Amino acid sequence: MRICDNGIYRDATAEELAELEAMEQAQPPISPTVTERLSALEAAMLELMMGGTGDG
C-alpha cells in the first residue's frame, strides 16, 4: 500500500499496515440497506405464504 506523507508517496511500513488492519476490524459491521432489508422481508413473507419451511 502506498502512503502520501507530506506530499511524498512511499510504501507503508509493516507497523502502519498492522494498524490499518486493526482499525478495519474494529469498524462495526455494515448494516443492510433499506432495499436489501425489503428484499429479505419480501422473500420471507413469500416463503410464509407459500407454506415453505425456510430450509431451502
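Residues numbered from 1 in each chain as written. Predicted model: local features only at pLDDT ≥ 70, side-chain atom pairs only at ≥ 80, totals over all residues. Heavy atoms only, no water.

A. Focus on helix α2 (residues 34-49). Spanning 16 residues, α2 covers 22 Å between terminal C-alpha atoms, matching the ideal 22 Å at 1.5 Å per step. Remark: G51 follows α2 within two positions and exhibits a positive phi of approximately 80 degrees. (Helix = DSSP H or I, 4+ residues; strand = E, 2+ residues; numbered from the N terminus. Expected span 1.5 Å × (residues − 1).)

B. Region of interest: the pattern of salt bridges. The final tally for this structure, using the stated rule, is three salt bridges. Notably, a salt bridge pairs E16 with R10, separated by 2.8 Å at the nearest N-O pair. Overall, E16 belongs to the partly exposed group, its relative accessible area being 21%. Salt bridges here are not isolated pairs; linked through shared partners, they connect D5, R10 and E16. (Salt bridge = Lys/Arg side-chain N within 4 Å of Asp/Glu carboxyl O. Buried < 20%, exposed > 50% of the residue type's maximum accessible area, 1.4 Å probe, protein only.)

C. Region of the structure containing the pairing of strand β2 (residues 8-11). Sheet topology places strand β1 (residues 2-5) next to β2; four bridges connect them, and they run antiparallel. Considered in β2, the bridge of R2 is made with D11. Linking β1 back to β2 in an antiparallel pair, the connection comprises two residues, with N6 at a positive phi of about 55 degrees. (Pairing = 2+ DSSP bridges.)

D. Broad picture of the environment of E47. Mapping E47 onto the fold places it in helix α2. Linking E47 and Q25, residues 22 residues apart in sequence, is a C-alpha distance of 35 Å.

E. Quick look at helix α1 (residues 14-26). Over its 13 residues, α1 runs 18 Å from end to end, which matches the ideal 18 Å to within 8%, given 1.5 Å per residue. Counting buried positions along α1 yields zero of 13 residues, so the element is predominantly exposed.

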